[in-house]
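If you want the building blocks of each chain, they are given just below.
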Amino acid sequence: KHGVLTRKSHAEMDGKRTPRGRRGWKKFYAVLKGTILYLQKDEYKPDKELSEVDLKNAIRIHHALATKATDYSKRPNVLKLKTADWRVFLFQAPSEEEMLSWILRINIV
Ligand code: I3P
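Residues numbered from 1 in each chain as written. Predicted model: local features only at pLDDT ≥ 70, side-chain atom pairs only at ≥ 80, totals over all residues. Heavy atoms only, no water.

**Observations concerning the environment of phenylalanine 91**
Where we set the bar: A run of H or I in DSSP counts as a helix once it spans at least four residues, and a run of E counts as a strand once it spans at least two, with each numbered from the N terminus. Only heavy atoms matter for contacts: two residues are in contact if any of them lie within 4.5 Å across the pair.
Residue position: phenylalanine 91 is located in strand E7 (residues 88-92). Not counting residues within four places of it along the chain, the set of residues in contact with phenylalanine 91 comprises Leu5, Thr6, Arg7, Trp25, Leu37, Leu39, Ile59, Asn77, Val78, Leu79 and Leu81.

Right, dumping it as structure tokens:
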């Protein structure tokens, strides 16, 4: 699955709140491949090699949990992703349908 997702980092690897200055929203082209969610700056091209930044932004979603971000109301269609290493991200999808589809796809991995 792939599509546009806008990311906000809420908590870091140790579960600590992401500090100010790094809590902004950033738009990516997201590609879910196997157990990895790749977040790329540019649109996905099958043959293009992943850059170092792309690899740094990639999220292992094995044992991660995606839910609708019911406690976040500033933007619509936002899901919350908790990873196995205790990071927390918010992702805004372009529509409710897309948000629900991402939640389903992430949780079946
Ligand atoms: C953050 C940025 C986010 C905002 C966040 C700010 O600043 O303005 O948009 O979240 O508020 O800290 P920075 O880019 O300097 O990290 P919202 O859009 O959800 O308000 P927060 O600290 O309350 O999460």
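**With respect to the pairing of strand E2 (residues 26-33)**
For clarity, the cut-off: In this scheme, strands are said to pair when DSSP sees at least two bridges between them.
Direction of pairing for strand E1 (residues 2-11) relative to E2: antiparallel, over a ladder of six bridges. Bridge pairing in E2 links leucine 5 to phenylalanine 28.

**What about the site of the ligand?**
Note the threshold: Nearness here has a simple test: a residue counts as near a molecule or strand if at least one of its heavy atoms is within 4 Å of that partner. Distance and chemistry together define a polar contact, namely a pair of N or O atoms within 3.5 Å, with one atom able to donate a hydrogen and the other to accept it when in protein, and with adjacent residues in sequence counting only for side-chain atoms on both sides. Surface exposure here means Shrake-Rupley accessible area, sampled with a 1.4 Å probe, where a residue is shielded only by the protein chains that are shown. Classes in brief: Ala, Val, Leu, Ile, Met, Phe, Trp, Tyr, Cys and Pro nonpolar; Asp, Glu, Lys and Arg charged; the others, Gly included, polar.
Around the ligand, the structure places Lys8, Arg17, Arg20, Gly21, Arg22, Arg23, Gly24, Trp25, Tyr72 and Lys74. Here an oxygen atom of the ligand sits 3.1 Å away from a polar atom, N or O, in the main chain of arginine 22. In this structure, tryptophan 25 approaches the ligand through a side-chain N or O atom, which is 3.1 Å from an oxygen atom. Protein contact buries 61% of the 500 Å² of open area that the ligand shows by itself. Within the shell around the ligand, the residues separate by chemical class into two nonpolar, two polar and six charged.

The values are spatial; any link to function lies outside them.
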